[in-house]
Amino acid sequence: MTDAGVTTKKDWTSDQEVRWCPGCGDYSILTAMQLLMPELGTRREDTVFVSGIGCAARFPYYMNTYGLHAIHGRSPAIATGLAMARRDLDVWVVGGDGDMLSIGGNHLIHALRRNVDLTILLFNNQIYGLTKGQYSPTSEVGKVTKSTPMGSLDTPFNPISVALGAEASFVARTHDMDRAHMQEIFRRAHDHRGAAIVEVYQNCNVFNDGAFAALTKKDARAEMLIPLEHGKPVRFGPDGERGVILDDGVARIVSVAEVGVDALHVHDETAADLSVAFALSRLADDRESPTPIGVYCAVDRLEYGGGIDAQIAAAQADRGPGDLEELLHSLPTWEVT
Amino acid sequence: MIHTEELLPEVREVERIIVRFAGDSGDGMQLTGDRFTSASALFGNDLATLPEFPAEIRAPAGTLAGVSAFQVHISDHDITTPGDAPNVLVTMNPAAMMAELPRLESGGTIIVNTDAFNERNLAKAGYEANPLEDGSLDGYSVITAPMTDLTKQVCKDLGVKPRDAERSKNFFALGLVSWLFSRPTDPSLHWIREKFAGRDAVIAANEAAFKAGHAFGETAELSASRLAVRPARFEPGTYTNINGNTALSWGLVAASQKAGIPIFLGSYPITPASDILHELAKHKNFGVRTLQAEDEIAAIGAALGASYGGHLGVTTTSGPGLALKGETLGLAVSLELPLVVIDIQRGGPSTGLPTKTEAADLLMAHYGRHGEAPLPIVSANSPSDCFRAAYEAVRIAVRYRTPVILLSDGYLANGTEPWRLPSVEDLPDISVDFASVANALNEDGEEVFWPYIRNDDLARPWAVPGTEGLMHRIGGIEKEDGTGNISYDPENHGRMVAIRDERIKKVADSYPPTVVEGDAEADVVIVGWGSTWGAITSAMGRMRRAGRKVARVHLTNLCPLPNDLGGILRQYDHVIVPEMNLGQLSKILRAEYLVDAKSICKVEGQPFTAAELHHKFQETTQ
Ligand SMILES: Cc1ncc(C[n+]2csc(CCOP(=O)(O)OP(=O)(O)O)c2C)c(N)n1
Ligand code: SF4
Ligand SMILES: [Mg+2]
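First things first, this report covers the structure right here in the doc. Model, not experiment: these values are computed from the prediction. (Residues numbered from 1 in each chain as written. Chains lettered and ligands numbered in written order. Predicted model: local features only at pLDDT ≥ 70, side-chain atom pairs only at ≥ 80, totals over all residues. Heavy atoms only, no water.)

Some words on the overall build of chain A
Argument step 1. Within chain A, the secondary structure is distributed over 12 helices and 12 strands.
Argument step 2. In terms of its C-alpha atoms, chain A occupies a principal-axis envelope of roughly 90 × 50 × 50 Å.
Argument step 3. By residue count, 58% of the 337 residues in chain A fall in the buried class.
Argument step 4. Once local pairs closer than 6 in sequence are excluded, the contacts in chain A between residues at least 24 apart make up 66%.
Argument step 5. Here chain A has roughly 13800 Å² of accessible surface; of this, 52% comes from carbon and sulfur atoms. (Helix = DSSP H or I, 4+ residues; strand = E, 2+ residues; numbered from the N terminus. Buried < 20%, exposed > 50% of the residue type's maximum accessible area, 1.4 Å probe, protein only. Contact = heavy atoms within 4.5 Å. Areas by Shrake-Rupley, 256 points an atom, 1.4 Å probe, with all protein chains shown as cover.)

Some remarks on the overall build of chain B
Argument step 1. Per the secondary structure count, chain B includes 20 helices and 26 strands.
Argument step 2. In summary, chain B has a C-alpha radius of gyration of 27 Å against a globular reference of 25 Å for 622 residues, a match within 12%.
Argument step 3. By principal-axis analysis of the C-alpha atoms, chain B measures approximately 95 × 60 × 45 Å.
Argument step 4. Taken over 622 residues, chain B has a buried fraction of 62%.
Argument step 5. By element, 49% of the accessible surface of chain B is carried by carbon and sulfur atoms, the whole surface being about 23600 Å².
Argument step 6. Each charge sign in chain B was given a centre, from 56 positive and 79 negative side chains, and these centres are 2 Å apart. (Rg over C-alpha atoms; globule rule 2.2 N^0.38 Å. Lys, Arg positive; Asp, Glu negative; His and termini not counted. Charge placed at Lys NZ, Arg CZ, Asp CG, Glu CD.)

Description of the site of ligand 1
Argument step 1. C55(A), D97(A), G98(A), D99(A) and L130(A) are the nearest of the 17 residues found near ligand 1.
Argument step 2. In this structure, ligand 1 is bordered by residues of chains A and B.
Argument step 3. Between ligand 1 and N125(A) there is a distance of 3.0 Å, counted from an oxygen atom to a side-chain nitrogen or oxygen.
Argument step 4. A total of 590 Å² of accessible area belongs to ligand 1 in isolation, and the protein chains cover 77% of it.
Argument step 5. Of all the elements, helix α3 (residues 97-103) of chain A adds the most residues to the shell around ligand 1, at 4 residues.
Argument step 6. Of the residues belonging to the shell around ligand 1, the class tally is 7 nonpolar, 7 polar and 3 charged. (Near = heavy atom within 4 Å. Polar contact = N/O pair within 3.5 Å; in protein donor to acceptor, adjacent residues only side chain to side chain. Nonpolar A, V, L, I, M, F, W, Y, C, P; charged D, E, K, R; others polar.)

Focus: the pairing of strand β2 (residues 66-69) of chain A
Argument step 1. Side chains Y66(A) and L68(A) project from β2(A) onto one buried face, and the interleaved G67(A) and H69(A) project onto a second face that is buried too.
Argument step 2. Looking at chain direction, strand β1 (residues 47-51) of chain A and β2(A) are connected through 4 bridges and run parallel. Note on β2(A): the bridge partner recorded for F49(A) is G67(A).
Argument step 3. Pairing of β2(A) with strand β20 (residues 473-475) of chain B involves 3 bridges; the strand directions are parallel. Bridged to H69(A) within β20(B) is G475(B). (Pairing = 2+ DSSP bridges.)

Considering the sheet that holds β20(B)
Argument step 1. Read across the sheet, 9 strands follow the order β7(A)-β11(A)-β5(A)-β6(A)-β4(A)-β3(A)-β1(A)-β2(A)-β20(B) without closing on themselves; strand pairing throughout is mixed. At either end of the open sheet lies a strand with only one pairing partner, and these are β7 (225-228) of chain A together with β20 of chain B. Direction aside, the axes of adjacent strands within the sheet are offset by 20 degrees on average.
Argument step 2. In the packing of helix α2 (residues 75-85) of chain A onto the sheet, contacts are made with β1, β2 and β3 (90-96) of chain A, and the angle to β3(A) comes to roughly 175 degrees. (Axes fitted to C-alpha atoms, helices over the stretch in contact; angles between N-to-C directions.)

Description of the coordination of the magnesium ion (ligand 3)
Residues and elements named next belong to chain A.
Argument step 1. Only D97 (OD), N125 (OD1) and I127 (O) from the protein coordinate the magnesium ion (ligand 3), and they sit 2.1 to 2.2 Å from it.
Argument step 2. Linear spacing of the donor residues for the magnesium ion (ligand 3) on their chain is D-x27-N-x1-I. With respect to burial, N125 and I127 carry one shared label: buried. (Donors = N, O, S within 2.8 Å, 3.2 Å for Na, K, Ca; no water.)

Brief notes about helix α11 (residues 304-319) of chain A
Argument step 1. Relative to the 22 Å expected for 16 residues at 1.5 Å per residue, α11(A) spans 22 Å between its end C-alpha atoms, a close match to the ideal helical length.
Argument step 2. The set of residues buried in α11(A) consists of G305(A), G306(A), G307(A), I308(A), I312(A) and A315(A).
Argument step 3. Packed against the buried residues of α11(A) are α2 of chain A together with β12 (289-292) of chain B.
Argument step 4. N-cap assignment for α11(A): the residue whose side-chain oxygen lies 2.8 Å from the backbone N of G305(A) is E303(A).
Argument step 5. Trailing α11(A) by a residue or two, G320(A) shows a phi angle of about 80 degrees, which is positive. (Expected span 1.5 Å × (residues − 1).)

So, the nonpolar core
Note on soluble globular proteins: their nonpolar side chains tend to be buried together.
Residue and element names in this part refer to chain B.
Argument step 1. Of all hydrophobic cores here, the largest spans 177 residues; its most connected members are L252 and L589.
Argument step 2. Setting aside anything within four residues of it in sequence, one finds L252 in contact with I263, L280, L312, V314, V340, I342, A390 and V394.
Argument step 3. Membership of the second largest hydrophobic core comes to 44 residues, among which are I143, F171, W179 and I192. (Core = buried A, V, L, I, M, F, W, Y, C linked by side-chain atoms within 4.5 Å.)

Describing the packing of aromatic side chains
Argument step 1. Taken as a whole and judged by the stated rule, the model has 18 aromatic pairs over all chains.
Argument step 2. With a centroid separation of 6.5 Å and 20 degrees between ring planes, the pair formed by F387(B) and Y391(B) is classed as stacked. On the criterion of helical spacing, the pair formed by F387(B) and Y391(B) is a turn pair, its members being 4 residues apart in helix α14 (residues 385-400). Like F387(B), the residue Y391(B) is buried in the burial classification.
Argument step 3. Their ring planes at 50 degrees and their centres at 5.0 Å tell us that F387(B) and W419(B) sit as a pair that is tilted. Here F387(B) is found in helix α14, whereas its partner W419(B) is found in strand β17 (residues 416-420), with 32 residues between them in sequence. Across the pair, W419(B) and F387(B) agree in class, each one buried.
Argument step 4. Of the aromatic side chains, those joined through ring pairs into one cluster are W20(A), Y27(A), F49(A), F59(A), Y62(A), W92(A) and F123(A).
Argument step 5. Over the aromatic face of Y452(B) sits the side chain of R460(B), whose NZ or CZ is 4.6 Å from the ring centroid. (Phe/Tyr/Trp six-rings, centres within 6.5 Å; stacked < 30°, edge-to-face > 60°. Lys NZ or Arg CZ within 6 Å of the ring centre and 35° of its normal.)

Description of the sheet that holds strand β24 (residues 557-559) of chain B
Think of a sheet as strands paired side by side through backbone hydrogen bonds, with each pair either parallel or antiparallel.
Residue and element names in this part refer to chain B.
Argument step 1. Taken together, 7 strands build an open sheet; the order of strands is β12-β11-β13-β14-β16-β15-β24 and the sheet is mixed. At either margin of the open sheet sits one strand with a lone partner, and together these are β12 and β24. Going from strand to strand, the sheet's axes swing by 20 degrees on average, the running direction of each strand aside.
Argument step 2. The pairing of strand β11 (residues 263-267) with strand β13 (residues 312-317) spans 5 bridges and is classified as parallel. The residue of β13 that forms the bridge with F264 is G313.
Argument step 3. In this fold helix α10 (residues 274-281) packs onto β11, β12, β13 and β14 (339-345), with an angle of close to 140 degrees to the strand it touches most, β11.

Some words on the pairing of strand β6 (residues 196-201) of chain A
Within a regular beta strand, the side chains point alternately toward one face of the sheet and then the other, so they alternate between its two faces.
All names here are of chain A.
Argument step 1. Counted residue by residue, β6 has 6 buried out of 6 residues, so it is predominantly covered.
Argument step 2. Both faces of β6 are covered, namely the face carrying A196, V198 and V200 and the face carrying I197, E199 and Y201.
Argument step 3. Here strand β4 (residues 119-124) runs beside β6; their pairing, made up of 6 bridges, is parallel. Across the sheet, residue F123 finds its bridge partner in β6, namely V200.
Argument step 4. Following the backbone out of strand β5 (residues 170-175), through helix α6 (residues 179-191) and into the adjacent parallel β6, one traces a crossover that is right-handed. (Right-handed = clockwise from strand over helix to strand, strands pointing away.)

Some thoughts on the interface of chain A and chain B
Argument step 1. With 61 residues of chain A at the interface, the matching set in chain B holds 68 residues.
Argument step 2. Between chain A and chain B, roughly 5500 Å² of surface is buried when both sides are summed, and carbon and sulfur atoms account for 62% of that area.
Argument step 3. Of all residues in chain A, the largest losses of buried area upon contact with chain B belong to Y66(A), L328(A) and W334(A), amounting jointly to 16% of the total for that side.
Argument step 4. For the pair chain A and chain B, the number of links is 2 salt bridges. (Buried area = accessible area lost by both parts, 1.4 Å probe. Salt bridge = Lys/Arg side-chain N within 4 Å of Asp/Glu carboxyl O.)

Things to note about the site of ligand 2
Argument step 1. Taken together, W20(A), C21(A), C24(A), C55(A), N125(A), Q202(A), C204(A), N205(A), V206(A) and F207(A) make up the full set of residues adjacent to ligand 2.
Argument step 2. Its residues placed into classes, the shell around ligand 2 shows 7 nonpolar, 3 polar and no charged.

In short, geometric facts, not functional conclusions.
This is the structure:
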């Protein structure tokens, strides 16, 4: 790999006209990414964005990198093949909540469990944007949409809980209203070896406006977002007056004054046992309660593509590089003269 | 009838013989058949095999559902099928007798393990009386041996427990059959020692059982039944006995080596395709990457992702899996990337007959996608021909940047035949040229890369990530001709549909002229594809020996069809198309060439026999 050289946002911006609705949260995510890229020290030609279908999945067209806009739900699988074949590349995967958790749910959980070196961004707007506003697998119960005129009945997924249940080695959450936080989390996800997934709360101002406003509005954040910081007690509120304790394995929000700082849970993102991270993920069970953001877990575990490459190297060390002539003669043979 | 010549005082020579081994799934009949085949191959016979096993791994022991059979046809001359009615039937239990006896030629030989013919087993097989005693086998020549007991006896002295000893009884059968057909014993003994290396008790038991079976023939004075089949006259060369899935896997490896790009196989296990995944997983030293994906959709997706990255993306499956891959195939057609999709057909629809053969996915391969999504289709004629077919599929995929479907089937996958090894140097060249430089000028006169500029084959550049200056974005949305940018323009779409179609049609320009075999003055042409090749060859031989003039064409490129095919077909009064489906190729031929193609169909999970086809040919051409 040659030197990445100095680049700017412009270098990472493609010549394609951006076609999201004005005011869509996707714009701020794109900007955050285009501004972050020059800082990551990677080359544009070694960067690939792979996506499925949906508004979110248009993302690759706007990055001046290699881009593959594939089919609905299959991007984790397609990216798995690319990342396994080409470990020299930086492979990003972008998709919406329908793309990744409905039609592509199976591919997502397997990509995570397999721990292929992918950076997966799940833009969660709790709605199907591109198909004009049906409820999604992350929509709250009772959601009234065109396909659920009397309200949706099914329990939504909590994407962080799903990812942890799928044995993901890196799981984080951020939101489209805080560029610095997004960039920090994207950078961490990018640097992680193995499959990293970031849930990005994203506003669809056309079909589900304000879904996360109670959490992400500037004046609400201190009250409603619980920053997860490695090695620190989990604490939030304008003056850090609230915190999180683990009560018999269940995460509970408490008043720091009542329990004392020492009782607070100290966040350990490297804990191999994901049950505490899972407990934290359960705090966000609706859009009105305080919600942890940041890195839930960042665990070092065998990266799948590297494992395969090591097996190839071992096979070659053991048997030498493949020899076709030898292969053809590997079953019993006989000569006819 | 076996044609015999009395040569040796005790061993009758025959030109060919068909042996069918049948027993319970747990009796090891596939292994016995396979060993007998190997010994015959090494001895120099021509041969063809047909393994048939139940879908259940262990169907209830002793039942008809649990019968597993292996047929092998050995010959001193060129043969193309595993044969019709067996001359010899080895039955390890009553269920095997019940299920398989109807196939045996009248007056054929039956070899029986009498120990298994107890009341319980007879009842399970549905016999009211013991066929060994009630005269129902009169007219056959029956060789009985208490195989289980004799095996236990010889193992007793070795200190092998009776239960373990019992498991070696198939080697007794193998020993006996090897003696009867004058097979060399060394290959089998050698194989036992290699296969069970480190498990001395097992080696000892299997060897003892094999030798006991061999000796049984001598001592039981079965010499009158002894037969020999001389080695066949083959073209000079080095031979190996190979099944279709192995040949196919090696064809992929060979093509990947020649092309200089590593294989990436995405696959989800399914009978009868799984063995390709197993085989390729062994060859990591060739740089082969295999991914056992979460489903068939992920399998083709990962393969396509690898192709996008410049590897040789391959995915293997059977009919149900090909159905799942349909949407991604559409994407691959739109992306115009190389991809090899292998369908080892089996009885369908749905789970159908998963361990039986059929060739009813042709129309799905042709048309089973959304939109106008043409792609090349290649098929294999015989087990060893799977090597050529795989190589051809890669050649087309790489040169024309297109997904290619390769159709094989369960019969080719598991059947074996001797194969003269090709010379590695003589394998046709497959060159890969990745794009490395800009190929267009934009409005401002700057050099840019446009992913949908085409070469003379109408193939677009294969520009892989990592290449400086060629960054581009592609996807399944319609692309503007040339630039590859998203385009919803109606005329552009019409043009792109036409170009994609034209590009696939151009593949036919790279075929050699179609071979027409048979009689020049024939008025009948038999058009076949896939594994019917052997049966057609045999049946056609019979017709011609009977004085009927016939010609045949066996297609290996099913889409696009050869440019010269229409002209050829129109020369004949009768066009006959035997197929293991309800007439899928004949439908295509009728549509393409307006010829009155007549179908001969069989959809019973089993290949055509030569006799069957011969009969149908006569009927159809009267
Ligand atoms: C196989 C298939 N089924 C359905 C669709 C239609 N479709 C396109 S995007 C989409 C859902 C989009 O929702 P989401 O993934 O949340 O993305 P968003 O638009 O909200 O960003 C659907 C159902 C499709 N393109 N392909
Ligand atoms: S529909 Fe919603 S998600 Fe899609 S572009 Fe418009 S605002 Fe954004
Ligand atoms: Mg959505």
